[in-house]
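Chain by chain, the residues run as shown.
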Amino acid sequence: MTVDIDKTTGPSDTPPAGAEAIKAIPVRHYGRYVSAVVALALLGAIIYAFSQGDINWDAIPNYFFDDRVLRGVGKTLLITVVAMVIGIVGGIVLAVMRLSKNPVTSAIAWFYIWFFRGTPVLVQLVVWFNLGLVFDYINLGPIYKDEWSQFMTPILAVLLGLGLNEAAYMAEICRAGLLSVDEGQTEASHALGMSHAKTLRRIVIPQAMRVIVPPTGNEVINMLKTTSLVSVVQYSELFRVAQDIGQTSGAPAEMLFLAAAWYLLLTSVFSVGQYYLERYYAKGSTRQLPPTPWQKVKANMLSLGRPKGGMA
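Since this is a predicted model, take the numbers as computed values, not measurements.

(A) Broad picture of the overall build of the protein chain. When helices and strands are counted, the protein chain shows twelve helices and two strands. Ordered by position from N to C terminus, the α and β elements of the protein chain give α-α-α-α-α-β-β-α-α-α-α-α-α-α. For the protein chain, the accessible surface area stands at approximately 21000 Å², while carbon and sulfur atoms represent 64% of it.

(B) Seen up close, a nonpolar patch on the surface. A grouping of Ile-46, Phe-50, Trp-57 and Phe-257 is seen on the molecular surface, where their side chains present a nonpolar patch of about 370 Å² in accessible area. Note that Trp-57 resides in the loop between α1 (30-51) and α2 (59-63).

(C) Representation of the pattern of salt bridges. Enumeration over the complete set of coordinates arrives at four salt bridges. Arg-68 serves as the salt-bridge partner of Asp-66, at 3.1 Å between the closest nitrogen and oxygen. For Arg-68, a relative accessible area of 37% translates into the label partly exposed. One salt-bridge network, held together by shared partners, links Arg-98, Glu-172 and Arg-175.

(D) The arrangement of the packing of helix α9 (residues 196-226) against helix α11 (residues 252-281) in detail. Contact geometry of α9 with α11 gives a least axis separation of 10 Å together with a crossing angle of 180°. As judged from the angle between their axes, α9 and α11 are roughly antiparallel. For the pair α9 and α11, the contacting residues are Pro-206, Met-209, Arg-210, Val-213, Pro-214, Gly-217, Asn-218, Val-220, Ile-221 and Leu-224 in the first and Tyr-263, Leu-266, Thr-267, Phe-270, Ser-271, Gln-274, Leu-277, Glu-278 and Tyr-281 in the second. Split by residue class, the contact of α9 with α11 holds twelve nonpolar, five polar and two charged.

(E) Summary view of the packing of aromatic side chains. Tallied over the full model, the rule gives ten aromatic pairs. Residues Trp-110 and Trp-114 carry aromatic rings whose centres are separated by 6.2 Å and whose planes lie at 5° to one another, so their mutual orientation is stacked. In this pair, Trp-110 and Trp-114 both sit in helix α4 (residues 103-118), four residues apart, roughly one turn of the helix. Residue class for Trp-114 comes out partly exposed when judged on its relative accessible area of 49%. Each member of the aromatic cluster is reached from another via a ring pair, and the members are Trp-110, Phe-111, Tyr-112, Trp-114, Phe-115 and Phe-116.

(F) Spotlight on helix α7 (residues 154-179). With 26 residues, α7 extends 38 Å between its outermost C-alpha atoms, agreeing within 8% with the 38 Å of an ideal straight helix rising 1.5 Å per residue. Helix geometry: α7 is bent most strongly at Ala-168, by close to 25°.

(G) Representation of the side chain of Thr-226 within the structure. Secondary-structure assignment places Thr-226 in helix α9. Within polar-contact distance, the side chain of Thr-226 engages the backbone oxygen of Asn-222 at 2.6 Å. Thr-226 has contacts with Val-121 and Leu-162, leaving out every residue within four places of it along the chain.

(H) Here's a closer look at the nonpolar core. In this structure, Ile-79, Val-158, Leu-162, Leu-178, Val-230, Val-233 and Tyr-235 are the most contacted members of the largest nonpolar core, which totals 22 residues. Every element with two or more residues in this core is listed here: α3 (67-98), α5 (121-129), α7 and α9. The element that contributes the greatest number of residues to this core is α7, accounting for seven residues. Contacts of Val-230, omitting those with residues within four sequence positions, involve Ile-79, Leu-125, Val-158, Leu-162, Tyr-235 and Glu-237.

(I) View of unusual backbone geometry. Backbone geometry places Gln-234, a non-glycine residue, at a positive phi of 65°. With a relative accessible area of 54%, Gln-234 lands in the exposed category.

(J) Here's a closer look at the environment of Ile-86. Inspection of the secondary structure puts Ile-86 in helix α3. With a relative accessible area of 31%, Ile-86 lands in the partly exposed category. Along the chain, Ile-86 and Leu-162 lie 76 residues apart, while their C-alpha atoms are 8.8 Å from each other. Setting aside anything within four residues of it in sequence, one finds Ile-86 in contact with Leu-159, Gly-163, Leu-164 and Ala-167.

(K) Summary view of the side chain of Thr-76. In this fold, Thr-76 is placed in helix α3. Accessibility expressed as a relative area gives 0% for Thr-76, which makes it buried. Within the local environment of Thr-76, its side chain forms a polar contact with the backbone oxygen of Gly-72, the two atoms lying 2.9 Å apart. In this structure Thr-76 touches Leu-224, Thr-227, Glu-237, Leu-238 and Tyr-263, once residues within four positions along its chain are discounted.

(L) Structural context of the environment of Pro-120. Inspection of the secondary structure puts Pro-120 in the loop between α4 and α5. Along the primary structure Pro-120 and Asn-165 are separated by 45 residues, whereas in three dimensions their C-alpha atoms are 8.8 Å apart.

(M) Molecular detail of the confidence of the model for the protein chain. For the protein chain, the average pLDDT comes to 82, and 83% of its residues sit at 70 or higher. Across residues 307-312, confidence stays below pLDDT 50; counting only partners more than four residues off in sequence or on other chains, it has ten contacts.

What counts and how
- Residues numbered from 1 in each chain as written.
- Predicted model: local features only at pLDDT ≥ 70, side-chain atom pairs only at ≥ 80, totals over all residues.
- Heavy atoms only, no water.
- Helix = DSSP H or I, 4+ residues; strand = E, 2+ residues; numbered from the N terminus.
- Areas by Shrake-Rupley, 256 points an atom, 1.4 Å probe, with all protein chains shown as cover.
- Patch = residues over 30% accessible without salt bridge, like charges linked within 9 Å, V, L, I, M, F, W, Y side chains within 5 Å.
- Salt bridge = Lys/Arg side-chain N within 4 Å of Asp/Glu carboxyl O.
- Buried < 20%, exposed > 50% of the residue type's maximum accessible area, 1.4 Å probe, protein only.
- Axes fitted to C-alpha atoms, helices over the stretch in contact; angles between N-to-C directions.
- Parallel < 35°, antiparallel > 145°, perpendicular 65-115°, else oblique.
- Contact = heavy atoms within 4.5 Å.
- Nonpolar A, V, L, I, M, F, W, Y, C, P; charged D, E, K, R; others polar.
- Phe/Tyr/Trp six-rings, centres within 6.5 Å; stacked < 30°, edge-to-face > 60°.
- Expected span 1.5 Å × (residues − 1).
- Bend = angle between axes of the 7 residues up to and from the residue.
- Polar contact = N/O pair within 3.5 Å; in protein donor to acceptor, adjacent residues only side chain to side chain.
- Core = buried A, V, L, I, M, F, W, Y, C linked by side-chain atoms within 4.5 Å.
- pLDDT = per-residue confidence, 0-100.

See the structure below:
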């Protein structure tokens, strides 16, 4: 008698006849619903408290696009960008000096970082603006010579105070990024005959950008908010303009809310730019790039239309 033996060892692709399909029931996350209700209740309570306060909310939209406010916003963006450029360039130079095998350059970079990170930026702004108490004149030979009070204008004090302070923080960020690149990359490039400068420019820095970009984005946003301190050196940026308008219009608290709204708007725009910049430098390090905000919204909308149950 011949016996047929089934040599397949895996489970059958089709369920047995008469068997019912298994329905997958999603897990209910009741804690999420409760926390969402609590969060909405607290938000509603805060909004109600502010709406009942003695605040003239109509003054905010009336002055939101005022010419003086827009000029203040422009100056805030200007000093933010220029100070960050000074900070980034100086940070890269200091990071390379800090990692140098030359003890003199390494010690100079360490002292710079120690000094500027150890003193408040507000103190640095005031010191730069009042250095005329120490130096009566600035003499650069045939290039430039003038009284210090004429040379150290508010805008120059702002850029020096913010930019040089930021360079100390960017130096540590850049150093961390450079150290994150495997030493084998540098050894391989040197074996191919590349110079140290070309290795940094073509091999090390592009790979280090993945580590450098996220904290640098945070520093840009922090710099945007730190510009509110420059009013102490008589520079009229957004915060100083809002204070001036508040004193003349009789709505000082309302103008502070206006300035806060502009800062929130600008930081939101910078945050979106930071996200796409991080996404760009994530190429090659992850198999799949993180979804964009629009892709996340689209995926959530599609998931709402899917049935809750299905075949297991």
